[in-house]
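Each chain, letter by letter, is given below.
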Amino acid sequence: MDMENLIFSLNATMPVFLLMVLGAFFKKLKWIDDTFASKMNKFVFLVPLPVLVFEDLATVDFKSVWDTKFVLFCLGATIVSILIVTLISFLWKDKSIQGEFVQGSYRSSAALMGIAFIQNIYGNAGLAPLMIIGSVPLYNVMAVIVLSFLKPGNKGIDKETFIKTIKGIFTNPIIIGIVLGLVWSIFKLPMPVILEKTVSRISALATPMGLMAMGATFDLKKAFAKVKPTLVASFIKLIGLAAIFLPIAIYMGFRNDKLIAILVMLGSTTTISCYVMAKNMGHEGTLTSAIVMVTTLLSAFTLTMWLFILKSYGLI
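No experiment lies behind these values; they were computed from the predicted model shown.

### Notes on the nonpolar core
One recurring pattern in soluble globular proteins is that nonpolar side chains are buried together.
Now for step 1: Within the largest apolar cluster, 82 residues are counted, with the highest numbers of intra-cluster contacts made by Leu49 and Ile262.
Now for step 2: Here this core takes ten residues from helix α8 (residues 128-149), the largest share from any one element.
Now for step 3: Judged by nonpolar contacts, the second largest core, of five residues, contains Phe54, Ala58, Met191 and Val199.

### Brief notes about a nonpolar patch on the surface
Now for step 1: A cluster of nonpolar side chains, contributed by Phe43, Phe45, Leu46, Val47 and Leu205, occupies part of the molecular surface with about 370 Å² of accessible area.
Now for step 2: Turning to its location among the elements, Phe45 is positioned in helix α2 (residues 34-46).
Now for step 3: The class for Phe45 is partly exposed, based on a relative accessible area of 33%.

### A few points about the packing of helix α5 (residues 68-89) against helix α6 (residues 98-106)
Now for step 1: For the pair α5 and α6, interaxial distance at closest approach is 9 Å and the crossing angle is 145°. Crossing handedness for the pair α5 and α6: right-handed. Contacts between α5 and α6 involve Ile82, Val85, Thr86, Ile88 and Ser89 from the first element and Gln98, Phe101, Val102, Ser105 and Tyr106 from the second.
Now for step 2: For the contact of α5 with α6, the per-class residue count stands at six nonpolar, four polar and no charged.

### Let's talk about empty space enclosed by the protein
Now for step 1: Evaluated as defined, the whole model comprises one cavity of 30 Å³ or more.
Now for step 2: The space that makes up the largest cavity amounts to roughly 50 Å³.
Now for step 3: Considering the residues around the largest cavity, the lining is formed by Ala77, Thr78, Ser81, Tyr106, Ser108, Tyr139, Lys237, Leu241, Met265 and Leu266.
Now for step 4: Contributions of two or more residues to the lining of the largest cavity are made by α5, α14 (227-251) and α15 (256-267).
Now for step 5: For the lining of the largest cavity, the leading source of residues is α5, giving three residues.

### Regarding the layout of surface pockets
Now for step 1: Put simply, the largest pocket is a space of about 1500 Å³.
Now for step 2: Lining the largest pocket are 44 residues, with Arg107, Ile272, Ser273, Val276 and Met277 sitting closest to its centre.
Now for step 3: Elements with a minimum of two residues in the lining of the largest pocket: α2, α7 (110-122), α8, α9 (159-170), α10 (173-186), α12 (206-216), α16 (273-280) and α17 (286-312).
Now for step 4: Here the element with the most residues in the lining of the largest pocket is α2; it accounts for seven residues.
Now for step 5: Within the lining of the largest pocket, the residues separate by chemical class into 21 nonpolar, 15 polar and eight charged.

### What to know about the packing of aromatic side chains
Now for step 1: Using the criterion set out here, one finds six aromatic pairs in the structure.
Now for step 2: Plain terms: the ring middles of Phe70 and Phe254 are 5.8 Å apart, the flat faces sit at 75° to each other, and that makes the pair edge-to-face. With Phe70 in helix α5 and Phe254 in the loop between α14 and α15, this pair connects stretches of sequence that are 184 residues apart.
Now for step 3: By relative accessible area, Phe254 is classed as buried at 1%.
Now for step 4: Members of the aromatic cluster, connected to one another through ring pairs, are Phe25, Phe26 and Trp31.
Now for step 5: Lying across the ring of Phe254, Lys69 places its NZ or CZ 5.2 Å from the centre.

### As for the environment of Leu130
Now for step 1: Summarising the element assignment, Leu130 is placed in helix α8.
Now for step 2: In this structure the C-alpha to C-alpha distance between Leu130 and Leu72, which are 58 residues apart in sequence, comes to 9.9 Å.
Now for step 3: Setting aside anything within four residues of it in sequence, one finds Leu130 in contact with Val65, Trp66, Asp67, Phe70 and Val71.

What counts as what
For every chain, the first residue of its written sequence is number 1, and the numbers climb from 1 along that sequence. Reporting of local features is limited, given that this is a predicted model, to residues whose pLDDT is at least 70; pairs of side-chain atoms are given and counted only at 80 or more, and all residues count toward the totals for whole chains, interfaces and linings. Side-chain measures here rest on the full set of heavy atoms in the structure, leaving out hydrogens and waters. Remark: nonpolar core denotes a set of buried residues (Ala, Val, Leu, Ile, Met, Phe, Trp, Tyr, Cys) joined through side-chain atoms within 4.5 Å. Note on exposure labels: buried denotes an accessible area under 20% of the residue type's maximum, exposed denotes more than 50%, and partly exposed covers the range between, all computed with a 1.4 Å probe on protein chains only. Numbering of helices and strands runs from the N terminus; a helix is a DSSP stretch of H or I covering at least four residues, while a strand is a stretch of E covering at least two. Exposure above 30% relative accessible area and the absence of a salt bridge qualify a residue for a patch, where like charges join within 9 Å and nonpolar side chains (Val, Leu, Ile, Met, Phe, Trp, Tyr) within 5 Å. Using a 1.4 Å probe, accessible areas were evaluated by the Shrake-Rupley method; residue-level cover was limited to the displayed protein chains. Any Lys or Arg side-chain nitrogen located within 4 Å of an Asp or Glu carboxyl oxygen qualifies as a salt bridge. Axes here refer to lines fitted to C-alpha atoms; in helices the fit is confined to the stretch in contact. Angles between the N-to-C directions go from 0 to 180 degrees. Throughout, a crossing is termed right-handed when the near helix is turned clockwise from the far one, and left-handed when it is turned anticlockwise from it by less than a right angle. Note on definitions: a residue-residue contact is assigned when non-hydrogen atoms from the two residues lie within 4.5 Å. Classification used: nonpolar for Ala, Val, Leu, Ile, Met, Phe, Trp, Tyr, Cys and Pro, charged for Asp, Glu, Lys and Arg, polar for all others including Gly. Using protein atoms alone on a 1 Å grid, points that fit a 1.4 Å probe yet trap it form a cavity, whereas open point sets bounded by protein on both sides within 12 Å along at least five of seven lines form a pocket; residues with an atom within 4 Å of a point count as lining. Grid points are joined across faces, edges and corners, and a volume is the space filled by probe spheres set on the points. Planes of paired rings set the category: under 30 degrees apart is stacked, over 60 is edge-to-face and the rest tilted, where pairs are Phe, Tyr or Trp rings (Trp by its six-membered ring) whose centres lie within 6.5 Å. Should the NZ of a Lys or the CZ of an Arg lie within 6 Å of a ring centre and within 35 degrees of the ring normal, that charge is described as sitting over the ring.

In structure tokens form, the structure reads like this:
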């Protein structure tokens, strides 16, 4: 039975990480360079990923999919996670890394990794879009607050940047995809075959392109730039938060794709957009880059471990 559970866990995680390895391999062959990987990332964020969440919500019955308790749990767990890592960040003597440490410790690649894993296990994105509703908008707002308050040599929030980010959340392609999908589902709008096939083929690009682009941006040298805070943040991101909130989620009755979505929200790799935001808001970015690299490398093992545990107890 244990071997069956291990094979199940490896079948869920390995295809996801092999695509990332493939991206790194193509970079080594110089088939993908930094510019191309960056454009791939942007394209996935702007087109296939929003189309994928739209497709998964538009083609289901909204009333049967919506789960208030689940969305509120994702929201609550995200808020408490941010508070925990903020308190831990005050232990560092070097205050210039505080903002980057906080953001890197809590902000998951929820959209890309969440959808990739649930799709790989269950064949569709399942409850990932609802998890995104409960966590991603808050991720972005809190990232601005944290990076503004804890900016080196600055103790105030830049109102202009904050307002710009709030606008950015409402114009976020993934959020727009979710809203359109929900509207389509609520009003039971028809999906003609031509539109359905077009949407399906565009959405199929999201996971392979996004994961290969992520793998192509991996740089091992940067991962060892600030070893201690990088390892602490990576432990919190991949193991600490999941160890706190997964038992609570199980106690509250969440199972199967809901539990996988919660696991990805709490214990998947730190999102690459953390680096972009940190750099744009006056931070050095080295620690953020290192956290992204290390969590990306180690999450292949930690997510397999979490899936194995959940499968062994018959929770997924």
